[in-house]
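Structure assessment
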Amino acid sequence: MRAVHLSPLLLAGLLVTGCGATVRTTTDAAVVTPTDAPVVTPADAAVVTPTDAAVVTPTDASFPGACREGDLCLAPRTPVAGLSVTSGRLAVVWNQITDDGPDPTPQVALDIPFAGSSSTVRVPFTAIAPPGDAVLFCARACDDEARCPCIGGPRLGFAYVVVAQDADANGRLDFGERPGVRADPIVAVGYVVVAQSPEAMAVASAPLDMLFTAGVARGVAPYLPLPRGSRHVLGAPEPTRIYDLNFCPPDNPACAQYLPDIN
């Protein structure tokens, strides 16, 4: 297992580790109501670009009761004194977890307004655009995901949930991927890892067996990070759990224990 570096422009200070060179040889109203299937243009685009208007119509109203299966449910909280819940952009971001070769641009799969006034937020998994090839964990012929597509399995995507301040009020999450555009500061990180797999695995294949302790669900599912030493592993998927959305910036040393740190 080698250190994985999330884009410092996206999650400055958020340390996530993953599997490296071992794969190089090869109300009760929905918070987000998608009116069409999410569209990504092109397939490996770093940002979801809908071709139809109002592909996702978001609100972040509270809802009672337990989380429904098929939704990602989050509860905003402030685990460190002196911090507060703030408005911004809530995003789900697929990221390449291997650290070999040049890092591909993270893919923003969902980017919606976040008012910060609700006790719980729900996002249907159907509103999250699927990961493109460059951000998948898979076997490749080289370490440069831009040049070497997946040639073997398992093909898994890993995503994180963040809230960022919309510093320039342009209505989108920016993480420095465009020249002259400053990265929006991250103010919150969900204590959850969203993974996508084309198949279920009762026991994850190596080297992912070092990360998933109770198998992998088919499709998109949320996983709670579990402490193991100084890092975290992922337990069984918990599709109806309400996960913490910790308003605790990654660059604040006091927030380290409230951020997912997988290996």
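Scroll up for the structure.
Right, let's walk through the structure included here. (Residues numbered from 1 in each chain as written. Predicted model: local features only at pLDDT ≥ 70, side-chain atom pairs only at ≥ 80, totals over all residues. Heavy atoms only, no water.)

Here we look at the state of the cysteines
- By the definition in use, this model includes four disulfides.
- Disulfide partner of Cys 67: Cys 73, at an S-S distance of 2.0 Å. Between Cys 67 and Cys 73, the S-S torsion sits near 75°, and that sign places the bridge as right-handed. The residues Cys 67 and Cys 73 share a single accessibility class, namely buried.
- Disulfide pairing places Cys 138 opposite Cys 150 at an S-S distance of 2.0 Å. On the sign convention where negative means left-handed, the S-S torsion of about -85° between Cys 138 and Cys 150 marks this disulfide as left-handed. Of this pair, Cys 138 sits in strand β9 (residues 137-139) while Cys 150 sits in the loop between β9 and β10 (152-164), and the two are twelve residues apart along the sequence. (Disulfide = S-S within 2.5 Å. Buried < 20%, exposed > 50% of the residue type's maximum accessible area, 1.4 Å probe, protein only. Helix = DSSP H or I, 4+ residues; strand = E, 2+ residues; numbered from the N terminus.)

Brief notes about unusual backbone geometry
- Of the consecutive residues Gly 153 and Pro 154, the connecting peptide bond is found in the cis state with omega at -5°.
- Of the consecutive residues Ala 206 and Pro 207, the connecting peptide bond is found in the cis state with omega at 0°.

Things to note about the packing of aromatic side chains
- Under the criterion given, the structure shown has three aromatic pairs.
- Aromatic pair Phe 114 and Phe 247: ring centres 5.7 Å apart, planes at 25°, arrangement stacked. Taken together, the positions of Phe 114 in strand β7 (residues 107-114) and Phe 247 in the segment after β16 (242-246) put the pair 133 residues apart, joining distant regions of the chain.
- Residue Phe 247 is classed as buried on the basis of its relative accessible area, which comes to 1%.
- For the pair Phe 212 and Tyr 223, a centre-to-centre distance of 5.2 Å together with 75° between the ring planes defines the contact as edge-to-face. Residue Phe 212 is located in the loop between β12 (193-197) and β13 (219-223), and its partner Tyr 223 is located in strand β13; the two are separated by eleven residues in the primary sequence.
- Looking at Phe 212, the relative accessible area reads 3%, which means it is buried.
- A relative accessible area of 0% means that Tyr 223 is categorised as buried.
- A connected cluster of aromatic rings, assembled from ring pairs, spans Phe 158, Phe 212 and Tyr 223. (Phe/Tyr/Trp six-rings, centres within 6.5 Å; stacked < 30°, edge-to-face > 60°.)

Remarks on the environment of Tyr 258
- By the secondary structure assignment, Tyr 258 is in the segment after β16.
- Residues Tyr 258 and Pro 79, spaced 179 residues apart in sequence, show a C-alpha to C-alpha distance of 7.7 Å.
- When near neighbours in sequence (up to four residues on either side) are disregarded, Tyr 258 contacts Arg 77, Pro 79, Val 80, Tyr 191, Asn 246 and Cys 248. (Contact = heavy atoms within 4.5 Å.)

Some details on the environment of Ala 195
- With respect to the helices, strands and loops of the structure, Ala 195 is situated in strand β12.
- On the basis of relative accessible area, Ala 195 is assigned to the buried category, the value being 1%.
- The residues contacting Ala 195, other than those within four sequence positions of it, are Gly 157, Phe 158, Phe 212, Gly 219, Val 220, Ala 221 and Tyr 223.

Observations concerning the nonpolar core
- Core analysis: the biggest nonpolar cluster contains 28 residues, and Leu 72, Leu 74, Leu 90, Val 161, Val 163 and Leu 245 have the highest contact counts within it.
- Where this core is concerned, the elements lending two or more residues are β5 (71-77), β6 (88-94), β7, β8 (121-124), β10, β11 (186-190) and β16.
- With four residues, β7 is the single largest residue contributor to this core.
- Sequence-distant contacts of Val 161, defined by excluding residues within four places in its chain, comprise Leu 72, Leu 74, Leu 90, Ala 91, Val 92, Ala 188, Val 189, Gly 190, Val 192 and Leu 245.
- Membership of the second largest hydrophobic core comes to 17 residues, among which are Ile 97, Phe 137, Leu 156 and Ile 262. (Core = buried A, V, L, I, M, F, W, Y, C linked by side-chain atoms within 4.5 Å.)

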